[in-house]
Amino acid sequence: MQTKDFSFELPEELIAQIPIQDRTASRMMVLNKSTGAVEHKIFRDVVDYLNPGDCLVLNNTRVIPARLFGVRESGALVEFLLLKQLDHHTWESLVKPGKKARIGDKFTFGNDILRAEIIDYADEGARVIRFEFEGIFENILDQLGTMPLPPYIQAQLEDKERYQTVFAKTPGSAAAPTAGLHFTEELLKEIEDKGVYVAYITLHVGLGTFRPVKVENVLEHKMHAEYYEISEETAGIINLAKGNGGRIITVGTTSTRTLEGSTDSSGHVEAGCGWTDIFIYPGYKFKVIDGMITNFHLPESTLIMLVSALAGKENVMNAYQVAVKESYRFFSFGDAMLIIE
């Protein structure tokens, strides 16, 4: 299976730069994973495709202001993107420019409010950074950090909460689980009122979700581990719904990876926490997921490979051609796709 098999032509003007005013007014393509048939709807119509007894699973991670700009001892400016918290003072981080970032290098932020030193190397060019500070790190990060919008978004975001889901709760992500951006509290209540279970997992989005595939053979790609949590309550809700014949519909690839990585061969979801590096691509046999809500993804990405595993590569690539032809909006602030049957 070749990476180039998941390539498609995407006009730059289809990359959404800003979120639309009404979260639920995004367009939604409905893709039947068995037949490949597509329908064109508005996102709030998702209620019509959910049945009483189904379970909707969302990722309640909260994006932190993970981009920091520091000063090297020489006076040069350096950019940090926090990826993974290792302990109270230590983070795995991307450093830009990275070639000169060596063990022992020291940096200051915000007139010495925050200090940092590179103490080790990590995978994929990242560095292990130890921070020194007085007070609460999260408060300092709120003061000095900025929201880490993806590089393909050039526009300034006026309201930082638009890069958070309305159910964001647990801080720790370097990027938003963007499929969840389409929901409002009112829409979630309407879904629950219909008799659909709503359950929440946590996966802190890091490099694993967005790291590009640099190998020609898909099977040679290795995912970067990301931290997840599944509560006893959430596992119980999902297992109850599944046991009663309900469908499990995940919101986003992060929720999908979390559940599939925490489910035994019989389809029973296990509560717990830890690190997951599960890589899902065509040929994977899903253990618990029946459907998914997702956005439109980058060509040759692990995300489009995961979607192709669920709905079939030919169905997905055909649907993406339709999406381009019909001028759907792509990526983080773009439109949605519901994969179901």
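Residues numbered from 1 in each chain as written. Predicted model: local features only at pLDDT ≥ 70, side-chain atom pairs only at ≥ 80, totals over all residues. Heavy atoms only, no water.

Undergrad: Quick one: what's the story with the pattern of salt bridges, residue by residue and with numbers?
TA: Pairing between side chains of opposite charge can happen when their charged atoms approach one another. Taken as a whole, this structure holds 10 salt bridges when the rule is applied. The salt bridge involving Arg44 is made with Asp22; its shortest N-O contact spans 2.9 Å. One end of the pair, Arg44, is in the loop between β2 (38–42) and β3 (55–59); the other, Asp22, is in the segment before β1 (27–32), and 22 residues separate them in sequence. (Salt bridge = Lys/Arg side-chain N within 4 Å of Asp/Glu carboxyl O. Helix = DSSP H or I, 4+ residues; strand = E, 2+ residues; numbered from the N terminus.)

Undergrad: Explain the packing of aromatic side chains residue by residue, including any values.
TA: Counted under the stated rule, the structure contains 19 aromatic pairs. Considering the side-chain rings of Phe8 and Phe330, the 6.0 Å spacing of their centres and the 35 degrees angle between planes classify their relative orientation as tilted. Of this pair, Phe8 sits in the segment before β1 while Phe330 sits in the loop between α7 (313–325) and β17 (336–340), placing them 322 residues apart in sequence. The exposure classification of Phe8 matches that of Phe330, with both residues buried. A centroid spacing of 5.4 Å and a plane angle of 55 degrees characterise the contact between Phe296 and Tyr328, whose relative ring orientation is tilted. Taken together, the positions of Phe296 in the loop between β16 (291–295) and α6 (302–311) and Tyr328 in the loop between α7 and β17 put the pair 32 residues apart, joining distant regions of the chain. Exposure remark for Tyr328: the relative accessible area of 0% places this residue in the buried category. An aromatic cluster is built from Phe80, Trp91, Phe107, Phe109, Phe131, Phe133 and Phe137, whose rings are joined through pairwise contacts. Seen from the ring of Tyr328, Arg27 lies directly overhead, with NZ or CZ sitting 3.9 Å from the centre. In this structure, Lys313 is placed above the aromatic ring of Phe6, and the distance from its NZ or CZ to the ring centre is 5.9 Å. (Phe/Tyr/Trp six-rings, centres within 6.5 Å; stacked < 30°, edge-to-face > 60°. Buried < 20%, exposed > 50% of the residue type's maximum accessible area, 1.4 Å probe, protein only. Lys NZ or Arg CZ within 6 Å of the ring centre and 35° of its normal.)

Undergrad: How would you sum up the pairing of strand β10 (residues 127–133)? Please name residues and give values.
TA: Of all the seven residues making up β10, five are buried; the element is thus mostly covered by neighbouring parts of the structure. Both strand β7 (residues 90–96) and β10 contribute to a ladder of four bridges, which runs antiparallel. What sits directly across from Glu92, in β10, is Val128. Between the end of strand β9 (residues 114–121) and the start of β10, which pair antiparallel, lie five residues, with Glu124 showing a positive phi angle near 55 degrees. (Pairing = 2+ DSSP bridges.)

Undergrad: Pulling in residues and values, what's your account of the side chain of Asn315?
TA: Among the secondary structure elements, Asn315 is positioned in helix α7. Given the relative accessible area of 17%, Asn315 is considered buried. Only 3.3 Å separates the side chain of Asn315 from the backbone oxygen of Lys33, close enough to count as a polar contact. In this structure the side chain of Asn315 is engaged in a polar contact, spanning 2.9 Å, whose partner is the backbone oxygen of Ala311. Among all residues touching Asn315, those that are not within four sequence positions of it are Leu31, Asn32, Lys33, Ser34, Thr35 and Gly36. (Polar contact = N/O pair within 3.5 Å; in protein donor to acceptor, adjacent residues only side chain to side chain. Contact = heavy atoms within 4.5 Å.)

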